[in-house]
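Summary of the model geometry
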Amino acid sequence: MTVQLTDNRRVIYRRPDALQDKSTHYCPGCGHGIVHRLVAELFDEMKLTGRTIGVGSVGCSVFAYEYFKTDFVESPHGRAPAVATGVRRVQPDKFVFTYQGDGDLAAIGTAEIVHAAARGENITAIFVNNGIYGMTGGQMAPTTLLGQKTTSSPLGRDPVLAGYPVPITEMLALVPGTAYAARGSVATPQLVGRAKSLLKRAFELQEAKAGFTIVEILSNCPVGWGMTAPASMEHVEKDVIGTYPLGVLVDRAKAGPESK
Amino acid sequence: MTVQLTDNRRVIYRRPDALQDKSTHYCPGCGHGIVHRLVAELFDEMKLTGRTIGVGSVGCSVFAYEYFKTDFVESPHGRAPAVATGVRRVQPDKFVFTYQGDGDLAAIGTAEIVHAAARGENITAIFVNNGIYGMTGGQMAPTTLLGQKTTSSPLGRDPVLAGYPVPITEMLALVPGTAYAARGSVATPQLVGRAKSLLKRAFELQEAKAGFTIVEILSNCPVGWGMTAPASMEHVEKDVIGTYPLGVLVDRAKAGPESK
Amino acid sequence: MSAMATTQLAPKRVLMKGNEAMAEAAIQAGCDAYFGYPITPQAEILELMARRMPEEGRVFIQAESELGAINMALGAAATGARVLVSSSSPGISLMAEGMSYMAGSEVPMVLINVMRGGPGLGSIGPSQSDYFQAVKGHGHGDYKVPVLAPASIAEAVALMADAFELAERYRTPVIVLADGTLGQAMEPVSPAYRDPARLQTDWNLTSTNGEREPRVVRSLHLRPEELQEHNTHLQAKFAQIAEREVRFATERIEDADIVIVAYGTAARIARTAMERGRSKGLRIGIFRPITLWPFPTAELVAATEGKRGILTVELSSGQMVEDVRLAIEGRLPVHFLGRQGGVLPSPNEVLEACRKMVAP
Amino acid sequence: MSAMATTQLAPKRVLMKGNEAMAEAAIQAGCDAYFGYPITPQAEILELMARRMPEEGRVFIQAESELGAINMALGAAATGARVLVSSSSPGISLMAEGMSYMAGSEVPMVLINVMRGGPGLGSIGPSQSDYFQAVKGHGHGDYKVPVLAPASIAEAVALMADAFELAERYRTPVIVLADGTLGQAMEPVSPAYRDPARLQTDWNLTSTNGEREPRVVRSLHLRPEELQEHNTHLQAKFAQIAEREVRFATERIEDADIVIVAYGTAARIARTAMERGRSKGLRIGIFRPITLWPFPTAELVAATEGKRGILTVELSSGQMVEDVRLAIEGRLPVHFLGRQGGVLPSPNEVLEACRKMVAP
Amino acid sequence: MTHFVPLDIATDRCKGCELCIGACPHHVLALDESVVNALGYHPVTLTDPDECTSCVICARVCPDTVFTVYARPKADVS
Amino acid sequence: MTHFVPLDIATDRCKGCELCIGACPHHVLALDESVVNALGYHPVTLTDPDECTSCVICARVCPDTVFTVYARPKADVS
Amino acid sequence: MQHGTIVAGFGGQGILFCGHVLAQAALIEGREVSWMPSYGPEMRGGTAYCTVIVSDRPIGSPMVDAADSAIVLNPPSLAKFEPVIARGGLIVVNSSLVEAIPARTDIESLLLPCTQIAREAGDDLLVSMVALGGLIARRPIVGQDSVHAALRDLLSGKKAHLIEADSAAFERGYAAGMRGSTQELDNRVLVDVWR
Amino acid sequence: MQHGTIVAGFGGQGILFCGHVLAQAALIEGREVSWMPSYGPEMRGGTAYCTVIVSDRPIGSPMVDAADSAIVLNPPSLAKFEPVIARGGLIVVNSSLVEAIPARTDIESLLLPCTQIAREAGDDLLVSMVALGGLIARRPIVGQDSVHAALRDLLSGKKAHLIEADSAAFERGYAAGMRGSTQELDNRVLVDVWR
Ligand SMILES: Cc1ncc(C[n+]2csc(CCOP(=O)(O)OP(=O)(O)O)c2C)c(N)n1
Ligand SMILES: Cc1ncc(C[n+]2csc(CCOP(=O)(O)OP(=O)(O)O)c2C)c(N)n1
Ligand code: SF4
Ligand code: SF4
Ligand code: SF4
Ligand code: SF4
Ligand code: SF4
Ligand code: SF4
Ligand SMILES: [Mg+2]
Ligand SMILES: [Mg+2]
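Calculation notes
Residues numbered from 1 in each chain as written. Chains lettered and ligands numbered in written order. Predicted model: local features only at pLDDT ≥ 70, side-chain atom pairs only at ≥ 80, totals over all residues. Heavy atoms only, no water. Near = heavy atom within 4 Å. Nonpolar A, V, L, I, M, F, W, Y, C, P; charged D, E, K, R; others polar. Contact = heavy atoms within 4.5 Å. Buried area = accessible area lost by both parts, 1.4 Å probe. Salt bridge = Lys/Arg side-chain N within 4 Å of Asp/Glu carboxyl O. Polar contact = N/O pair within 3.5 Å; in protein donor to acceptor, adjacent residues only side chain to side chain. Helix = DSSP H or I, 4+ residues; strand = E, 2+ residues; numbered from the N terminus. Pairing = 2+ DSSP bridges. Buried < 20%, exposed > 50% of the residue type's maximum accessible area, 1.4 Å probe, protein only. Donors = N, O, S within 2.8 Å, 3.2 Å for Na, K, Ca; no water.

**Describing the site of ligand 8**
- Around ligand 8, a shell composed of Cys14(F), Lys15(F), Gly16(F), Cys17(F), Glu18(F), Cys20(F), Val44(F), Cys62(F), Pro63(F), Asp64(F), Val66(F) and Phe67(F) is seen.
- Looking at the shell around ligand 8 residue by residue, the class counts come to 8 nonpolar, 1 polar and 3 charged.

Okay, here's the thing in structure tokens:
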């Protein structure tokens, strides 16, 4: 390996500019890092970094403001869609996204996400669903699979006591204010690529002021699930997707019937 | 008209026993009174009065506890499904219902109703949707029709500023914990009868511990809408039902495919 | 009585409902965005904003809840916008977490609480029972926010501009504490509104435009030492506010034997009692805090030196009276008269309490 | 040092984490239902309850939020069940409205707040900065709830049973105010739990069974006069609690020159400072409020008569010190030492502050 | 005219909303403008008992449970 | 062996999660057990640069943006 | 000089508007004034009322504990407000709807068939304007001109066509109030119009 | 007598467990004890530590400002905790991972290749037990028997099979700690094992 050669090489992939030069606090193999990267790649590609105001949430991604080269505001747990609404309404030409976990978006923040969607706010919710409360130590989330053991469902989630996984993105897709709702995953390289294109469509629709957009990303929590990172990704692919089917749930900006 | 005759007459309809002997505080022609009556009739017919704990909400129906001959607990605005959850879990053999308006259930209380449904709580939500905040003076609700003038949408509800009517019951129907979700109305005598049968099915399913049940009733608010009572009922029939189609949205206890 | 008076002779005042006057004053003070949720007795603020803000090309949102409203406010305020939120007691309780975040992340915002009787759903009658909440312990954590308490609608109008000014000068939420009486009554208002100058800011989020470092608005400081430092900064700011921003008013205090300490509507009732008392030879004066935090501690001490005693009057079971006692520290007898739940004390009750204080 | 000691000689104590000890104590105190939502530093309470409550055939729900939890608690408590809720500062803020309703509708319930640094998201370090919130102004309206502050895990265990007892005796929510240190530390606990006797009740909702008049649990009293009456009843109850239920502890106060007033973890630090000070001839004593409301006002006055001064130590910017000053009313100098944001003051800092008080 | 009266009307509770009037298929209900009840409303009255079929429709739409409806006797002389 | 190296690996940021290792279709990535980086992990290393096709799959799955990938020159001597 | 008036009746009787007119008239005269309603859409049914204080100096409490005058347009209002009128004060009773006669011997009572007069003036809904006329006839709190000016201020724009009828109703009430014949009845001063 | 110990290292090194064993041993001896972790899953990465105080009288602050002893198993812990050790105190350094030598001249330093000894004992993860052995060898805060009893208490049920290895690791550390040869190095008392 010589320095000369390096200089001549043509880069086909490199760390996106929109990311700060820091290593993240995420556990090894955590999907949050992948999603961050995809978002940052799109910021680069769509030249959004300078026009973006990010809206953080409370969860493992609470430090997202450390990683993106965009302005950022922190929200109370679950309230990011309301905070983003406030930002976007007074800064109508900015690109505004929330970055939320499943505890944040699908539990405590249910009302805020539903009504941001109902109002058709021109914001994009990036919804990282790892089926668990990562940050607080791996408790059950509304999205936790039936039978899944967590620190607050030690015998596995029992629907009689703890109910059923919440298909929140499907619910949001029903609302006319939702321009676009889709579910992707970062479980495999292929799915990572697909997830990026879902995010891209959402970002484009926000730019077109088409209304509320959300992309759910099925991700992992190797630490909370007690698995190695590769095993956790396999679990997403083999088991989680069964409960949360991937695809575009609604794309109201498209002509013709809604694709699913 | 003689007293003798009266004594011999066979009653085919009379005020249900489950109602207290009081006149209500509702405005003339308000549908809340009709819904109260239907619920009370079912309490009589199903002999539920003595086993019921009602859960009130904040809205024009806040005094419901004055009218039903059942125990009652008052909830903060929007939180009735959580309160009912608490009641039902520690009193598992009781019949527990919430009585909520659309501001209460579909705005501030969105998270609580979604998660009571997701947990499949054995409670019945009686959801009186009059498309407005009656009690506080006729402001816009999430359920208000597009173009509808209210004290907080003086030029009519504009979807760009105030978003779209929320199909909350459809959203709840998506959740596996929801055993039954249906939408009726009290706009015409026929619909009143139909609404009662929807309520009856919901009550029966709660008795069978089938999970969460909800019946939305499209109702009126003559005062808030600035209409006479008959005109308001006509408006429900002619206009409101167009946005909120009537029917059984899901009945998971039924064999076969879900009816709609 | 002046049956001869004609429209021409009248000063250019208009009758306005308190809620509407505050809302209009906020608009005239350059409010960029309003977020609210209906609740009695302040729904007219929301309703006026629903009509007027779009007219002015500004932002109005009826949020899905008070939680929604306060957090929309957080977002809008984080961009540097001038933001108003209003509610009444139960709705204010729901904003406790959001207020703590806003205080912690130092974003300016004005919140009106048109108080009603509590606890719980309570009544919708006028009350001052959220004094402790506003002044001491609303949200968690070590923070204070300026609290302004108007006693008339005209004053409420003037204080709206002051509130925005304070909020921006100190990067802090500010509470305007009114009650059902002030919200619902109509009184003459001179439409001499004020639109405070905008300050230069270097903290607010407007996107980097590729020209500066990213900015972050947050209350998180995970390392306790860092948070302690932040708290030290906050406390220094609070001390500065306490030193500079105390507001109060007095009436006929110089020759008074008895000083009634009261704010807002209670001070209005006290004024009637004072007049009746004076007409009967009872020398009553009034000390009226306008900032409830910072409380005019030193000013109260100075104003009451050598007096016979203090009567604190509140529409509550006794809350501000603690701040009065903290100021007085036993130097004078401090009495209390309160009514709760939406009931107003009558001027004669107040007078009677004063009379008892001087009775042997 | 006792390398010879064997298992047999040891008393029957077990090491328990504060959070788990409080949770287990609640179970042993007959807690029928627990509702919570995860938050650091109290997640272990929820986790232990998730495991143990179903084992005991009792109710555990992880709610969708703190709002959900407190309102589930309201429902369960309205039936007369013994109910526990726990959270930490930001989550407690979200419960302000629910607490006001519970106080207003007089339902018993115990709420644990394992405080962390604030304001806002703050840190997760131990803190006492929610004192004002717990004691003065959490929810809207005129109400008070008993607040118990343990200083050790063993005491926390004992106070859990007391908390349920108080809650039921007075039909009131009760707050147990702990902090991250108490929640996370392990200390020996004697499993001598207590399950308070159940009282006869005639207000709770169990359905009429056709045998009695319907009962209503509510805080609504729309007519202000009615609400005022209800408030008068509540205030009388609060006065009774204040008279009967004050708890506090003192250490080496008799011969002390300087009295440190501190509760919870701050009192533990004070104890170390006291020992160090005494070893250097500084006569320090400790007055430790266990009930923060009702605050041991008269007891503090009595205990500090003739002393040189008081040092209040808190993990905050100074909150309880107001109650100390309200009690002392200028009779003694009252000093304050605090650390914020999750930082603990060191015993030597405390000692230094004491030393300054006696320095000429 | 018959002695059978098919309805009892609890006029105290009637708020004069007219929902029953519009709903009655036989148009035999009307507000009694000559009376103001304790609630301040003109209550409903049955204008023609003979034409009433005891169809219960009025009771079904009335928000204030004003009506008690009786079965028309088989041997009714109407 | 060639002089062309298709990847730069920012070993400082690598957390040794092995996602890239499993994803690489040519099995040319492995943890370097001989090294512990500043974060406390064994970072990834490219075991056989010649077999790497610059397919970018590793970069796509890496949560820590460890990889820079270079195009294989047309006239590569591998 | 300070004068506190209570206007009370059923919701539909224009109670709050009547008080507003009085307050606006006072404003026009450059006086201090406060208007305070019984508020709250959360409170359905029952009697609505408002309090208007007109004064020449800053106003203390916006509520009155002893009213200088009152207009009562329905029976419950008489029961509720008769006791709170100050000695020597005036009560204007809508005798069309209120059968009872005020019992107090220390106040002046104007029995004015307001509904009837309003109907004659063209609309039942003018009832409160009639009563206001009666009030001002006997207690000139504000000038008649000011009331007319106030009506013009408040009924502007789309409501301007109502000014005339309201002004006329006020004048009819005023005239009746002036005309009313005073009689003594067990010490009470009753000013009866057409009873 | 009161003794405060800090145990610090990477998350995976059994830091909290090690402190728990010490605390449990003290409990078994009927002593007062408190164990305080650096807590919070919200805090990812970095160094974990806990504080154990063993005492014969009620314990004041559960945190120590001047530790009587410390176990440091990774480099950042040395930097963080060396300064907080009391004069005359002991620091046990995992010399397998920590290259630096404590600089303070007023404390005793035991340089123990804990990871290496643990590996010899069968598992890297036993590292903290080895260190605890070294600590107890030089500061008999609790008896050896009590440590073994504590391990039996804490590793009950499904974890019982681990008792033996942990006990053995503790003993190896203890032996090494006893064996370590003391040397003076610019006034420092260094107790070096195999360096
Ligand atoms: C009001 C409030 N409640 C609870 C918490 C504690 N908390 C922090 S993160 C979190 C959940 C995080 O889960 P999720 O949103 O799924 O994100 P993840 O960590 O899994 O990425 C909770 C409950 C909080 N900070 N604030
Ligand atoms: C926390 C809180 N916010 C607001 C209110 C005020 N409030 C009372 S009822 C109501 C809305 C009622 O509307 P809806 O639920 O649709 O019932 P309706 O009156 O239309 O039957 C509101 C916002 C309140 N009591 N509490
Ligand atoms: S706890 Fe789970 S979600 Fe959080 S950083 Fe670690 S792996 Fe990712
Ligand atoms: S305001 Fe509307 S909903 Fe409320 S009682 Fe009147 S008509 Fe019914
Ligand atoms: S019962 Fe039928 S016919 Fe008779 S009045 Fe009622 S609606 Fe009319
Ligand atoms: S529906 Fe009932 S309340 Fe309405 S007018 Fe008929 S009887 Fe009266
Ligand atoms: S670029 Fe492709 S072949 Fe090369 S290391 Fe990465 S995944 Fe393997
Ligand atoms: S995916 Fe990234 S962080 Fe994980 S082992 Fe590979 S290079 Fe390292
Ligand atoms: Mg998650
Ligand atoms: Mg409604």
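**A word on the interface of chain F and chain A**
- Contacts between the two partners involve 28 residues from chain F, matched on the other side by 31 residues from chain A.
- Here chain F packs against chain A, burying approximately 2400 Å² in sum over the two surfaces, 66% of which is carbon and sulfur.
- A salt bridge links Arg13(F) to Asp21(A), with the shortest nitrogen-to-oxygen separation between them at 3.6 Å.
- Counting across the chain F and chain A interface gives 12 residue pairs in polar contact (both at pLDDT 80 or more).
- Those elements that place two or more of their residues in the side of chain F that touches chain A are β1 (7–9), α1 (19–23), α2 (57–61) and β4 (67–70) of chain F.
- Here the residues of the side of chain F that touches chain A are counted per class, giving 18 nonpolar, 4 polar and 6 charged.
- Sheet topology places strand β1 (residues 11–13) of chain A next to β4(F); 2 bridges connect them, and they run antiparallel. Directly across from Tyr13(A), in β4(F), lies its bridge partner Val69(F).

**What about the pairing of strand β7 (residues 181–185) of chain G?**
- Pairing of β7(G) with strand β8 (residues 188–192) of chain G, which is carried by 5 bridges, proceeds in the antiparallel orientation. Within β8(G), the residue paired with Leu185(G) across the bridge is Arg188(G).

**Some points on the environment of Ala141(A)**
Residues and elements named next belong to chain A.
- The residue Ala141 is located in the loop between β7 (139–140) and α6 (159–162) in this model.
- According to the relative accessible area criterion, Ala141 is buried, its value standing at 1%.
- Residues Ala141 and Arg9 lie 132 residues apart in sequence; the distance between their C-alpha atoms is 46 Å.
- Non-local contacts of Ala141, meaning those with residues more than four positions away in its chain, are made with Asp102, Gly131, Ile132, Tyr133 and Arg157.

**Quick look at the coordination of the magnesium ion (ligand 10)**
All names here are of chain B.
- Coordination of the magnesium ion (ligand 10) by the protein is provided by Asp102 (OD), Asn130 (OD1) and Ile132 (O), with metal-donor distances spanning 2.0 to 2.2 Å.
- Taken in sequence order, the residues that donate to the magnesium ion (ligand 10) follow the motif D-x27-N-x1-I. Of this pair, Asp102 sits in helix α4 (residues 102–108) while Asn130 sits in the loop between β5 (124–129) and β6 (132–133), and the two are 28 residues apart along the sequence.

**Quick look at the coordination of the magnesium ion (ligand 9)**
- Surrounding the magnesium ion (ligand 9) are the protein donor atoms Asp102(A) (OD), Asn130(A) (OD1) and Ile132(A) (O), at 2.0 to 2.1 Å.
- Mapping the donors of the magnesium ion (ligand 9) onto the primary sequence yields the spacing D-x27-N-x1-I.

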